[in-house]
Amino acid sequence: QVQPAESGGGSVQAGGSLNVSCTLSGNIFRSTCRMGWYRQSPGKERELVSRISSDGTTNYADSVKGRFTISRDNAKNTAYLLMNSLQTDDTAVYSCAAAWGSYCTGSRRTSDEYNYWGRGTRVTVSS
């Protein structure tokens, strides 16, 4: 029914930067309580990279803290993940996830659960 759309992936040299985007329909984006970025690479399980709540609170995985920055632009119905100082270990498919409705109530309000997922954008970092 609803699927976030990611873009901005590509191939870069180690040390470079990429800014990936996640766009959702406006009426849903404005009602989300939480947007998250996940990634998955060959041989590894999907992992949470970063998330941002509707009040602007952010969280980062230890492996990317200090290098990545998550943000959201309500006017553009878009969440971003700016990735600086990219390393080869950052190579993965990056997927966007959104939480809204029942996923924003009760115990789920502060959880890391999502009801809508994008298909992902690939990021390849070479040395």
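What you see is a predicted model; the values in this text were computed from it and never measured.

Some words on the environment of Gly16
For step 1, the next point in the chain: With respect to the helices, strands and loops of the structure, Gly16 is situated in the loop between strand S2 (10–13) and strand S3 (18–23).
For step 2, the next point in the chain: Taking relative accessible area as the criterion, Gly16 reaches 21% and is therefore assigned partly exposed.
For step 3, the next point in the chain: For the pair formed by Gly16 and Leu86, sequence separation is 70 residues and the distance between their alpha carbons is 5.5 Å.
For step 4, the next point in the chain: Setting aside residues no more than four positions away along its own chain, Gly16 makes contact with Met83, Asn84, Ser85 and Leu86.

Structural notes on the pattern of salt bridges
For step 1, the next point in the chain: Taken as a whole and judged by the stated rule, the model has five salt bridges.
For step 2, the next point in the chain: For Glu47, the salt bridge goes to Arg39, with nearest N and O atoms at 2.7 Å.
For step 3, the next point in the chain: Residue Arg108 pairs with Glu113 through a salt bridge whose shortest N-O separation is 3.2 Å.
For step 4, the next point in the chain: With a relative accessible area of 34%, Glu113 lands in the partly exposed category.
For step 5, the next point in the chain: Here the salt bridges do not stand alone but share partners, grouping Arg39, Glu47, Arg67 and Asp90 into one network.

Comments concerning the environment of Leu18
For step 1, the next point in the chain: Note on placement: Leu18 falls in strand S3.
For step 2, the next point in the chain: Take Leu18: its relative accessible area is 14%, and that puts it in the buried class.
For step 3, the next point in the chain: Separated by ten residues in the primary sequence, Leu18 and Gly8 have C-alpha atoms spaced 7.1 Å apart.
For step 4, the next point in the chain: Excluding its chain neighbours within four sequence positions, the residues that come into contact with Leu18 are Gly8, Gly9, Gly10, Val12, Leu81, Leu82, Met83, Leu86 and Val123.

Things to note about the sheet that holds strand S7 (residues 68–73)
For step 1, the next point in the chain: On the basis of which strands lie adjacent, the open sheet formed by four strands has the order S1-S3-S8-S7 and antiparallel pairing. The open sheet has two free edges, formed respectively by strand S1 (5–7) and S7, since each of these has just one partner strand. The sheet shows a mean angle of 15° between the axes of neighbouring strands, direction not considered.
For step 2, the next point in the chain: Of the pairings in the sheet, the one linking S1 to S3 comprises three bridges and is antiparallel in character. Bridge pairing in S3 places Ser7 opposite Ser21.

What about the pairing of strand S4 (residues 34–40)?
Two faces belong to every sheet, and in a regular strand the side chains alternate between them.
For step 1, the next point in the chain: By the criterion of burial, S4 is predominantly enclosed, with six of the seven residues buried.
For step 2, the next point in the chain: Pairing analysis gives six bridges linking S4 to strand S5 (residues 47–53), with the strands arranged antiparallel. When the sheet's bridge partners are listed, Trp37 is paired in S5 with Ser50.
For step 3, the next point in the chain: Turn length for the S4-S5 hairpin, with the two strands adjacent in sequence and antiparallel, is six residues, and the turn residue Gly43 shows positive phi of about 80°.
For step 4, the next point in the chain: Two strands pair when backbone bridges link them, and S4 and strand S9 (residues 92–99) are joined in this way by seven bridges, in the antiparallel orientation. When the bridges of S9 are listed, Arg34 appears paired with Ala99.

Procedures and definitions
Residues numbered from 1 in each chain as written. Predicted model: local features only at pLDDT ≥ 70, side-chain atom pairs only at ≥ 80, totals over all residues. Heavy atoms only, no water. Helix = DSSP H or I, 4+ residues; strand = E, 2+ residues; numbered from the N terminus. Buried < 20%, exposed > 50% of the residue type's maximum accessible area, 1.4 Å probe, protein only. Contact = heavy atoms within 4.5 Å. Salt bridge = Lys/Arg side-chain N within 4 Å of Asp/Glu carboxyl O. Pairing = 2+ DSSP bridges. Axes fitted to C-alpha atoms, helices over the stretch in contact; angles between N-to-C directions.

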